[in-house]
There are 2 protein chains.
Amino acid sequence: MIKLNLNNVISNKEMNSYSKKVNKLAVAMENKESVGSDFLGWKDFVNNYNKPELYKVKKIAEKLHNSNVDVMFVIGIGGSFSGAWAGIDMVQGNYSNKNKVEIIYVGNSISSTDLYQKLEYVKNKKFAINIISKSGTTTEPAIAFRIFKDALEKKVGKKEASNLIIATTDKNKGALLSLAKKNSYERFVVPDNIGGRFSVITPVGAFPMAVAGLNIDKFFDGLKDGYEKYKSTNLDSNDAYQYAVSRVILNKKYPVELMVQYEPQMNAFNEWWKQLAGESEGKDGKGIMPASAVFSTDLHSLGQFIQDGSKIMFETVLTVKKPNFDIKIPMDDSNLDGLNYLVGKTVQDVNNVAFSSTLEAHSLVGKVPNIHIEFDKMDEKSFGELVVFFSRAVAMTAYLQDSNPFNQPGVEIYKNMMFKKLKKPGY
Amino acid sequence: MIKLNLNNVISNKEMNSYSKKVNKLAVAMENKESVGSDFLGWKDFVNNYNKPELYKVKKIAEKLHNSNVDVMFVIGIGGSFSGAWAGIDMVQGNYSNKNKVEIIYVGNSISSTDLYQKLEYVKNKKFAINIISKSGTTTEPAIAFRIFKDALEKKVGKKEASNLIIATTDKNKGALLSLAKKNSYERFVVPDNIGGRFSVITPVGAFPMAVAGLNIDKFFDGLKDGYEKYKSTNLDSNDAYQYAVSRVILNKKYPVELMVQYEPQMNAFNEWWKQLAGESEGKDGKGIMPASAVFSTDLHSLGQFIQDGSKIMFETVLTVKKPNFDIKIPMDDSNLDGLNYLVGKTVQDVNNVAFSSTLEAHSLVGKVPNIHIEFDKMDEKSFGELVVFFSRAVAMTAYLQDSNPFNQPGVEIYKNMMFKKLKKPGY
């Protein structure tokens, strides 16, 4: 259950003025007649998903659990790692001892120091590799895969390495598919009609989550619930689209949206959302700039700016109803720290009051519009629901600003310049 | 050595038009006659630093190394943890095996799940605590300290716990000082004339860095070099002030500054900078909004927005001249991934080209102004220099916009509302 509270940041009249437009765009989306409709596969993927592949995700994860793998490297960049990262961190938390296999993300930068240190880290550990790339030729993951595949083959031999490398790639073509076939790697499919930033619902996200130890059936339950809840083409009955309309209206006055969490383990979710929103909406000189914070940490950092600085942002605040663990504030007879007034409360009680007080301070005193989204629990099901909510909302936001939510022409520009300078054949 | 390249984002004429104003403000700062001058202690702290305390920082760190402590919790929020975090991550990197003691930051949020999991994590480990708080009553660290102190005393007994708790706090007053005296904790001083976000140069930052295994003498060498390099009151000969002037001019057109790194281990440095800039400059409805990214990771996330979205930001790009480790791109006879054109190059060579290509793509094609700052190495000395550079630059920026760089009145507003709701005595 996701609860959207728009906190009166826009009037009913403003909201309703978008009803017809949203309905028209939503119907076009459902009929796959909207711009970029070749990439709408994520919308009903959960209903069309091929069961044998879901079974295989769980089976190969189990195989890795049973073979005492310590670490699995997820080699991918952009949507090829951020969704799994968001899900695993959200559910398992920081410093968790619940992960069945430690997941380390690599090939998402071109830092030699980063590559080197991660290689060193597994010197005395058993590791597997999940290489995630539709083409197999994207520079960052391709470099990392060359280096890590080499290291694994030297460590355990070519044959055993083939059992420890899993390729998530195109069904029919590409360099990684060829290599995977040649070496008999286990394979998962990146569907053609789902772009990277929407792909956490496919084996791109699901397989690393399963290996970490997440319950993938519950994740799919969340995706199904999300599908039912946010498929409506009526603005009145679709919270995801109401959130989209609010963003479009607020963006007329505020260029930045700050996504705020109150749980440190939701930091990766912020990063996932920034790609989803930024790449889908930031084009043709338009779009909301996505930024993020984790409170109360960042109330002692960005807090001053938000409260009292330039009025350029609105906030979308996510809170969780039930924390994974709670702790009672203990009594201390000396009370030197003056905290005894909190005895009887839990830490989560205080976090809740910090949230409601900050929302008031920022919106009423600071005049920063605040939207509030509450979800049930940091678990697989809620993650699935949130993924659907934000995917729908971001697609609708882009459509409302007359953009194609599913392309990213700007990302190619630095790549082309880089390939020319590096003298890549063909550039 | 820090090299500032303004890339012609502003003209000489514009820069020179600030010469007199900068000189006047800089002289006032040197004479401690500027606004907020009670908090200018950071400016020449390195020259006035009391040697016995620096010796004690190293000695107590050594004691912890020799007593086989696995983990030290740094309990603090805002500037009480972000500086140490930035320094340790920058120098040691992610997944490093160089840390002598694992440093874990806690009490920088009010997440019960976060507290619980970190407590669980040390169930079978030997841990110490460095509680960092001027007053000892700041809500987040005070709650965490109650809980972790309790856990440590239950684990090793009250007497041994006293040997494993180090308090960094006010010299003369406050709850934490009283408690530290009562329990004979080792103590370090937070100077009165240095605010939290400038305090990484004091034992607030230096002690956790020393415990992690950083060389504090080299850090102080960097601070000294930085002091000499950026003390000039002339704009012509002071890069930190030239950077400040550039920011002020760019901010007239662009509300957001994006700090960009090309090394994942510089992520914490971004977070440190965001507090430094945001709290110092974001007030009275003014100030640049500080945001951050790590490339090339975020070229596959925020990249599309930066290249092609709303024109609301300028970038400040930090790069490192010499990586801590480098790796040659290995040959692969099959060349299925098409990377053989890179053989002979190192990963760092490719990262450098990614940087120069992206700078061109963003500034020339995307019309996003780019400032470039290059530093030598991700080591203690460069960290010290960078700290001085940005501290000077941010103070000057705030003065140029007629703000007091050293207060943060906006941070109190949510706190006051929270204390009222929690019925804290006196509110």
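Residues numbered from 1 in each chain as written. Chains lettered and ligands numbered in written order. Predicted model: local features only at pLDDT ≥ 70, side-chain atom pairs only at ≥ 80, totals over all residues. Heavy atoms only, no water.

Could you clarify how one ought to interpret the overall build of chain A in this entry?
Counting its secondary structure elements, chain A contains 17 helices and 10 strands. Whereas a compact globule of 427 residues would reach a radius of gyration of roughly 22 Å, chain A reaches 23 Å, a difference of no more than 12%. Seen through its principal axes, chain A has C-alpha atoms that stretch 65 × 65 × 45 Å. When burial is assessed residue by residue, chain A has 65% of its 427 residues classed as buried. Partitioning the contacts of chain A with sequence separation of at least 6, the portion at a separation of at least 24 is 78%. (Helix = DSSP H or I, 4+ residues; strand = E, 2+ residues; numbered from the N terminus. Rg over C-alpha atoms; globule rule 2.2 N^0.38 Å. Buried < 20%, exposed > 50% of the residue type's maximum accessible area, 1.4 Å probe, protein only. Contact = heavy atoms within 4.5 Å.)

I would appreciate a short explanation of helix α15 (residues 347-365) of chain B in the present structure.
Along an α-helix, residues three or four apart share an orientation, since each turn contains 3.6 residues. The end-to-end C-alpha distance of α15(B), which contains 19 residues, comes to 26 Å, matching closely the 27 Å that a straight helix rising 1.5 Å per residue would cover. Among the residues of α15(B), those classed as buried are B:Val347, B:Gln348, B:Val350, B:Asn351, B:Val353, B:Ala354, B:Phe355, B:Ser357, B:Thr358, B:Leu359, B:Ala361 and B:His362. Its buried side turned inward, α15(B) meets α6 (112-121), α7 (139-156) and α17 (411-421) of chain A together with α14 (303-308), β9 (313-322) and β10 (370-377) of chain B. (Expected span 1.5 Å × (residues − 1).)

Explain the interface of chain A and chain B to me, please; I cannot follow it from the model alone.
When the parts of a complex come together, some accessible area is lost, and that lost area is often used as the size of the interface. Taken together, the contact pairs 123 residues of chain A with 123 residues of chain B. Interface area for chain A against chain B, summed over the two sides, is near 10,100 Å², with a carbon-plus-sulfur share of 64%. Among the residues chain A hides against chain B, the three largest losses belong to A:Tyr95, A:Arg146 and A:His300. Together they make up 9% of the total. Remark: the boundary between chain A and chain B carries 4 salt bridges. The residue A:Lys421 makes a salt bridge to B:Glu360 at a minimum N-O spacing of 2.7 Å. Taken together, the links from chain A to chain B amount to 50 residue pairs in polar contact (both at pLDDT 80 or more). Grouping the constituent residues of the side of chain A that touches chain B by class yields 54 nonpolar, 42 polar and 27 charged. (Buried area = accessible area lost by both parts, 1.4 Å probe. Salt bridge = Lys/Arg side-chain N within 4 Å of Asp/Glu carboxyl O. Polar contact = N/O pair within 3.5 Å; in protein donor to acceptor, adjacent residues only side chain to side chain. Nonpolar A, V, L, I, M, F, W, Y, C, P; charged D, E, K, R; others polar.)

Help me understand the relation of the copies chain A and chain B, please; the structure alone is not making it clear to me.
Taken together, a rotation about one axis and a shift along it account for how the two chain copies relate. Mapping chain A onto chain B is achieved by rotating through 180° and translating by 0.0 Å along the same axis, at an RMSD of 0.0 Å. Within this description, the copies of the chain are treated as partners about a two-fold rotation axis. Within chain A, the C-alpha atom positioned nearest to the axis of rotation is that of A:Ala291, 3.5 Å from it. Most of the interface of chain A is mirrored in chain B, where 100% of its interface residues again form contacts. (Least-squares fit on C-alpha atoms with pLDDT ≥ 70 in both.)

Hey, could you run me through the pairing of strand β10 (residues 370-377) of chain A in this one?
Regular strands place side chains that alternate from one sheet face to the opposite one. Residues and elements named next belong to chain A. Counting buried residues in β10 gives 6 out of 8 residues, a clear majority hidden from the surface. Alignment of strand β9 (residues 313-322) against β10, held across 7 bridges, turns out to be parallel. Counterpart to lysine 322 in the pairing with β10 is lysine 377. (Pairing = 2+ DSSP bridges.)

Looking at this model, I keep getting lost on the environment of B:Ala180. Mind explaining?
All names here are of chain B. Its place among the elements puts alanine 180 in helix α9 (residues 175-182). Along the chain, alanine 180 and threonine 169 lie 11 residues apart, while their C-alpha atoms are 9.1 Å from each other. Dropping the residues within four chain positions of it, alanine 180 is found in contact with Ala167, Tyr185 and Arg187.

Before we go on, may I ask you to explain the pattern of salt bridges in this structure?
Summed over all chains, the structure comprises 45 salt bridges over all chains. Put simply, A:Glu279 and A:Arg197 hold a salt bridge, and the shortest N to O gap is 2.9 Å. Here A:Glu279, found in helix α13 (residues 267-281), pairs with A:Arg197, found in the loop between β6 (186-189) and α10 (203-212); they are 82 residues apart in sequence, far enough to count as distant. Neither A:Glu279 nor A:Arg197 differs from the other in exposure class; each is buried. Among the ionic pairs, B:Lys134 bridges to B:Asp170, the shortest N-O distance being 2.8 Å. Here B:Lys134 is found in the loop between β4 (127-132) and α7 (139-156), whereas its partner B:Asp170 is found in the loop between β5 (165-169) and α9, with 36 residues between them in sequence. The class for B:Asp170 is buried, based on a relative accessible area of 3%. Overlapping salt bridges, with partners in common, bring together A:Glu30, A:Lys32, A:Lys43, A:Asp44 and A:Arg392 in one network.

I'm lost on the environment of B:Val74 in this one. Help?
Residues and elements named next belong to chain B. Here valine 74 is to be found in strand β2 (residues 71-75). For valine 74, a relative accessible area of 0% puts it in the buried group. Taking the C-alpha atoms as reference points, valine 74 and valine 248, 174 residues apart in sequence, are found 35 Å from one another. Apart from residues lying up to four places away in sequence, valine 74 is in contact with Ser80, Phe81, Ile103, Ile104, Tyr105, Val106, Asn130, Ile132 and Pro208.

Help me out: how do you make sense of the packing of helix α5 (residues 79-92) of chain A against α10(A) in this one?
Two quantities define a packed helix pair, namely the angle between the axes and the distance from one axis to the other. All names here are of chain A. Where α5 contacts α10, the two axes come as close as 8 Å, and the packing angle between them is 35°. As α5 packs across α10, the resulting crossing turns out to be right-handed. Contacts between α5 and α10 involve Gly79, Ser80, Ala84, Gly87, Ile88 and Gln92 on the former and, on the latter, Val204, Gly205, Pro208, Met209 and Ala212. Looking at the contact of α5 with α10, its residues break down into 6 nonpolar, 5 polar and no charged. (Axes fitted to C-alpha atoms, helices over the stretch in contact; angles between N-to-C directions. Left-handed = near helix turned anticlockwise from the far one by under 90°.)

Just checking my understanding: could you explain the nonpolar core for this structure?
Burial of nonpolar side chains together is a common tendency in soluble globular proteins. The biggest cluster of nonpolar side chains holds 305 residues, and the ones touching the most others in it are A:Phe390 and B:Phe390. If we skip the residues at most four places from it in the chain, A:Phe390 touches A:Tyr243, A:Met259, A:Phe269, A:Trp272, A:Trp273, A:Leu276, A:Leu318 and A:Ile373. (Core = buried A, V, L, I, M, F, W, Y, C linked by side-chain atoms within 4.5 Å.)

Please explain α17(A) as it appears in this structure.
Among the residues making up α17(A), those that are buried are A:Val411, A:Tyr414, A:Lys415, A:Met417, A:Met418 and A:Phe419. Tucked inside the fold, the buried residues of α17(A) contact α7 and α13 of chain A together with α14 and α15 of chain B. Of the residues flanking the end of α17(A), it is A:Lys423, one or two places downstream, whose phi is positive at about 55°.

Explain the sheet that holds strand β1 (residues 2-5) of chain B to me, please; I cannot follow it from the model alone.
Whenever strands of a sheet pair, they do so through backbone hydrogen bonds, lying parallel or antiparallel. Residue and element names in this part refer to chain B. Spatially, the 5 strands line up as an open sheet ordered β1-β10-β9-β7-β8, and their pairing is mixed. Sheet topology places β1 and β8 (289-294) at the edges, where each strand pairs with a single neighbour. Adjacent strand axes in the sheet meet at a mean angle of 20°, parallel and antiparallel pairs treated alike.

Is there a simple way to explain the sheet that holds β4(B) in this structure?
Residue and element names in this part refer to chain B. Read from one edge of the open sheet, 5 strands run β3-β2-β4-β5-β6, paired in parallel fashion. Each of the sheet's edge strands pairs with one partner strand only, and the pair in question is β3 (102-106) and β6 (186-189). Averaged over all neighbouring strand pairs, the angle between strand axes comes to 20°, with direction disregarded. As defined by bridge partners, β2 adjoins β4 across 5 bridges and the pair is classed as parallel. Bridging from a neighbouring strand, isoleucine 75 pairs with isoleucine 131 of β4.

Please explain the packing of aromatic side chains as it appears in this structure.
Residues and elements named next belong to chain A. Applying the stated rule across the entire model yields 52 aromatic pairs over all chains. With centroids separated by 4.7 Å and ring planes inclined at 65°, the aromatic side chains of phenylalanine 73 and phenylalanine 148 adopt a geometry described as edge-to-face. One end of the pair, phenylalanine 73, is in strand β2 (residues 71-75); the other, phenylalanine 148, is in helix α7, with 75 residues separating them in the sequence. Residue phenylalanine 73 is classed as buried on the basis of its relative accessible area, which comes to 0%. The buried category is assigned to phenylalanine 148, whose relative accessible area is 0%. Here tyrosine 262 and phenylalanine 295 contribute two aromatic rings whose centre-to-centre distance is 5.7 Å and whose plane-to-plane angle is 85°, an arrangement assigned as edge-to-face. (Phe/Tyr/Trp six-rings, centres within 6.5 Å; stacked < 30°, edge-to-face > 60°.)

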